[in-house]
Amino acid sequence: MSIVLVGISHHQAPVELRERAALDRTRAGELAHALAGGQGEAVCLSTCNRTELYLADESGDAAEGKAEAALLALESELGPALYRLRDEEAALHLFRVAAGLDSMIPGEGEILGQVRIAHEAGATGRSQTAIGESPASVSSAAAALAEQVFGDLEGRSVLVVGAGKVGELAIKNLVSRGATISSVANRTGQRAEELTQRFGGEALALDRIEEELVRADVMLSSTSAPGWILTRKQVEHALPARKGRPLFLIDLAVPRDLDPAIHELEGCYLYDIDDLEAVVAETLAGRRREAERAETIVAEEADRFRAWQASLDVVPAITSLRARAEQIRDAELRRAKLNDAERRAAESVTAAVLNKLLHLPTIRMKQAAAAADGVIYADAVRHLFGLEDER
């Protein structure tokens, strides 16, 4: 069984490319099940930073071909940005992703939950370092960027569009830095009401965003809408009433929510998720040492995975050998004419002899499993003891 990974991420693909391959939870689950078919396993991990397909299949080449075709079907221009990993390298990559080591902000905590959700939706965490102790999400980075722009967020009015997990985290980070939530707009009013009851502000319908722009200092958007929720023309209409006050806009959505042309307007400063990398760079110094510790842990787990995967070729041979030995022992005991007491004694003695005889070969085969010649050991045992038909 091979494990195959094909995907794109923020390392090679800009947001305008990633957004074309972004999938919501439902579509990601449907794609995973389609790729798994009846026999294989598949998981689709799609976040603002990456879309990755993980497949477990008997044919690594076939699985890689299916995954690549599925991603290119989402967006034909993904080809140059695709990366492909297998087995130990794929497992190591997934461990690093889940630990937040491959994120735009190393150590961010949201990705572990996203990996878990992807696994649950597909066809099929414990923290050991302090890497996640300082601000570690795009939401916190967005709040830090807003503070840099204004110098102080005390009393600044914020319009939040999107009341999902990212929006909620953004609100928490902005409020913690002194900002005032003026309104929360969302497709479903109930969720917006819940957040405004906790953090203040007014719950808005999405069609009232343009009028709210007149009051806001900051607009932060993180919806799952398929197209622009705010265009350049809409912002242009709101500018005269703002009387020259600057408007800071942060787009955390993939696909993006805000028309990039907004940035061309006088006094409008629009940042998308890729722009946050500059903010992230300033937070890296305090995380590098912890990241090194985390990388060590991830490497150890990857080694354990490699040893386990290699043992899959050896364990069946060990099981077959022990089963054959037990079969022979049982047959010989049944042929012997023994009374009950003699039979119990003979069973005890022969079981002990069998276990001692097979103990060292079993240990040696398990040790060999982690080496390149593990399969050769397993095949030799099958041949020597006539176990070929039991594979």
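Residues numbered from 1 in each chain as written. Predicted model: local features only at pLDDT ≥ 70, side-chain atom pairs only at ≥ 80, totals over all residues. Heavy atoms only, no water.

## A look at the overall build of the protein
To keep things clear, this is the line we draw: Every helix listed is a DSSP run of H or I at least four residues long, and every strand listed is a run of E at least two residues long, numbered separately from the N terminus. Relative accessibility decides the category of a residue: with a 1.4 Å probe and only protein chains considered, values under 20% of the type maximum give buried, values over 50% give exposed, and everything between is partly exposed. In these tables, accessible area is a Shrake-Rupley quantity obtained with a 1.4 Å probe, and a residue counts as shielded only by the protein chains included in the view.
Helices and strands together make up the secondary structure of the protein, namely 15 helices and 10 strands. Burial status across the protein gives 47% buried among its 391 residues. With an accessible surface of roughly 20100 Å², the protein has 52% of that area assigned to carbon and sulfur atoms.

## Re the side chain of aspartate 259
Put simply, the test is: Charge assignment: positive for Lys and Arg, negative for Asp and Glu; neither His nor the chain ends contribute. The salt bridge criterion pairs a side-chain nitrogen of Lys or Arg with a carboxyl oxygen of Asp or Glu, the two atoms within 4 Å. Residue contacts are counted whenever heavy atoms from the two residues lie within 4.5 Å of one another.
Along the polypeptide, aspartate 259 turns up in the loop between β9 (247-251) and β10 (268-272). As a buried residue without a salt bridge, aspartate 259 has its nearest oppositely charged side chain in arginine 232, at a separation of 6.9 Å. Once you skip the residues sitting within four places of it in the chain, aspartate 259 turns out to touch Trp228, Leu230, Thr231, Arg232 and Leu270.

## As for the packing of aromatic side chains
Within a pair of aromatic rings, the relevant descriptors are the distance that separates the centres and the angle that separates the planes. The criterion, for reference: Centre distance within 6.5 Å is the pairing criterion for rings of Phe, Tyr and Trp, where only the six-membered ring of Trp is used; planes under 30 degrees apart are then read as stacked, over 60 as edge-to-face, and the remainder as tilted.
Scanning all chains against the criterion turns up two aromatic pairs. Members of the aromatic cluster, each reached through a chain of ring pairs, are Phe150, Phe248 and Tyr271.

## Concerning the confidence of the model for the protein
Should the pLDDT be low somewhere, the predicted coordinates at that spot are not to be read in detail. Spelled out, the test is: Per-residue confidence from the prediction method is given by pLDDT, with values spanning 0 to 100.
The share of residues in the protein with pLDDT of 70 or more is 87%, and the mean pLDDT across the chain is 82. Taken as a whole, residues 127-136 scores under 50 in pLDDT and shows 25 contacts with residues more than four places along the chain or in a different chain.

## Observations regarding the pattern of salt bridges
Per the counting criterion, the structure on display carries 25 salt bridges. Where glutamate 75 meets arginine 20, a salt bridge forms, and the shortest distance between an N and an O atom there is 3.8 Å. Within this pair, whereas glutamate 75 is found in the loop between α3 (60-74) and β4 (83-86), its partner arginine 20 is found in the loop between α1 (15-18) and α2 (25-36), the two being separated by 55 residues in sequence. For glutamate 75, a relative accessible area of 13% gives the class buried. Looking at arginine 20, the relative accessible area reads 37%, which means it is partly exposed. Here glutamate 211 and arginine 208 are joined by a salt bridge, their closest N and O atoms 3.2 Å apart. The network of salt bridges with common partners includes Glu168, Lys172, Arg191, Glu194 and Arg198.

## Overview of the sheet that holds strand β7 (residues 202-204)
For the record, the criterion: Strands qualify as paired when DSSP identifies two bridges or more between them. Fitted lines through C-alpha atoms serve as axes, helices being fitted only where they are in contact, and the angles separating the N-to-C directions of these axes extend from 0 to 180 degrees.
The six strands are arranged β7-β6-β5-β8-β9-β10 in an open sheet whose pairing can be described as parallel. Among the strands making up the open sheet, the edge pair consists of β7 and β10. The sheet shows a mean angle of 20 degrees between the axes of neighbouring strands, taken without regard to direction. Strand direction decides the pairing type here: strand β5 (residues 157-161) and strand β8 (residues 218-221), joined by four bridges, are parallel. Bridged to valine 158 within β8 is valine 218. Contacts from helix α6 (residues 138-150) reach β8, β9 and β10 within the one sheet, and its direction differs from that of β9 by about 160 degrees.

## Notes on the sheet that holds strand β2 (residues 41-46)
Taken in spatial order, the four strands line up as β2-β3-β1-β4 in an open sheet, and their pairing is antiparallel. Strands at the two margins of the open sheet, each flanked by one partner only, are β2 and β4. Taken over all neighbouring pairs, the strand axes of this sheet differ in orientation by 15 degrees on average, direction set aside. Summarising the sheet, β2 and strand β3 (residues 50-57) pair through six bridges and their orientation is antiparallel. Paired with cysteine 44 across the bridge in β3 is leucine 53. Lying on the sheet, α3 is in contact with β1 (2-9), β3 and β4; it crosses β3 at an angle near 150 degrees.

## What about the environment of alanine 163?
Counting through the fold element by element, alanine 163 comes out in the loop between β5 and α7 (165-176). A relative accessible area of 3% means that alanine 163 is categorised as buried. C-alpha of alanine 163 to C-alpha of serine 222: the two residues are 59 residues apart in sequence and 7.8 Å apart in space. In this structure, alanine 163 is in contact with Val184, Ala185, Asn186, Arg191, Ala192 and Leu195, ignoring residues within four places of it in sequence.

## Considerations on the pairing of strand β6 (residues 180-185)
Defined as follows: Handedness is read with the strands pointing away from the viewer; a crossover is right-handed when the path from the first strand over the helix to the second is clockwise.
Judged by how many residues are buried, β6 sits mostly within the fold: five of six residues are covered. The sheet contact formed by β5 and β6 spans five bridges and is parallel. In the strand pairing of β6, valine 161 is matched with alanine 185. Handedness of the crossover joining β5 and β6 through α7: right-handed. Relative to β7, β6 runs parallel, the two being bridged by three bridges. Paired with alanine 185 across the strands is leucine 204, a residue of β7. Handedness of the crossover joining β6 and β7 through helix α8 (residues 189-199) is recorded here as right-handed.

## Focus on the pairing of β3
Of all eight residues making up β3, eight are buried, and the element is well covered by its neighbours. Where burial is concerned, the two faces of β3 agree: the one with Arg50, Glu52, Tyr54 and Ala56 and the one with Thr51, Leu53, Leu55 and Asp57 are both buried. With eight bridges joining them, β1 and β3 adopt antiparallel strand pairing. In the sheet register, valine 6 faces β3, and the bridge partner there is leucine 53. Counted between consecutive antiparallel strands, the loop separating β2 from β3 contains three residues.

## Details of α2
Our working definition: A helix is expected to span 1.5 Å multiplied by its residue count minus one. When we speak of the arc, we mean the arc of directions from the helix axis to the C-beta atoms.
Taking 1.5 Å as the rise per residue, α2 with 12 residues should run 16 Å; its terminal C-alpha atoms sit 16 Å apart, in good agreement. Along α2, the positions that sit buried rather than exposed are Ala28, Gly29, Leu31, Ala32, Leu35 and Ala36. The arc enclosing the buried residues of α2, seen along the axis, measures out at 160 degrees, which places them on a common side. Summarising the geometry of α2, the exposed residues directed more than 90 degrees from the buried face are Thr26, Glu30 and Ala34. Residues of α2 that are buried in the fold lie against β2, β3, α3 and α5 (110-121).

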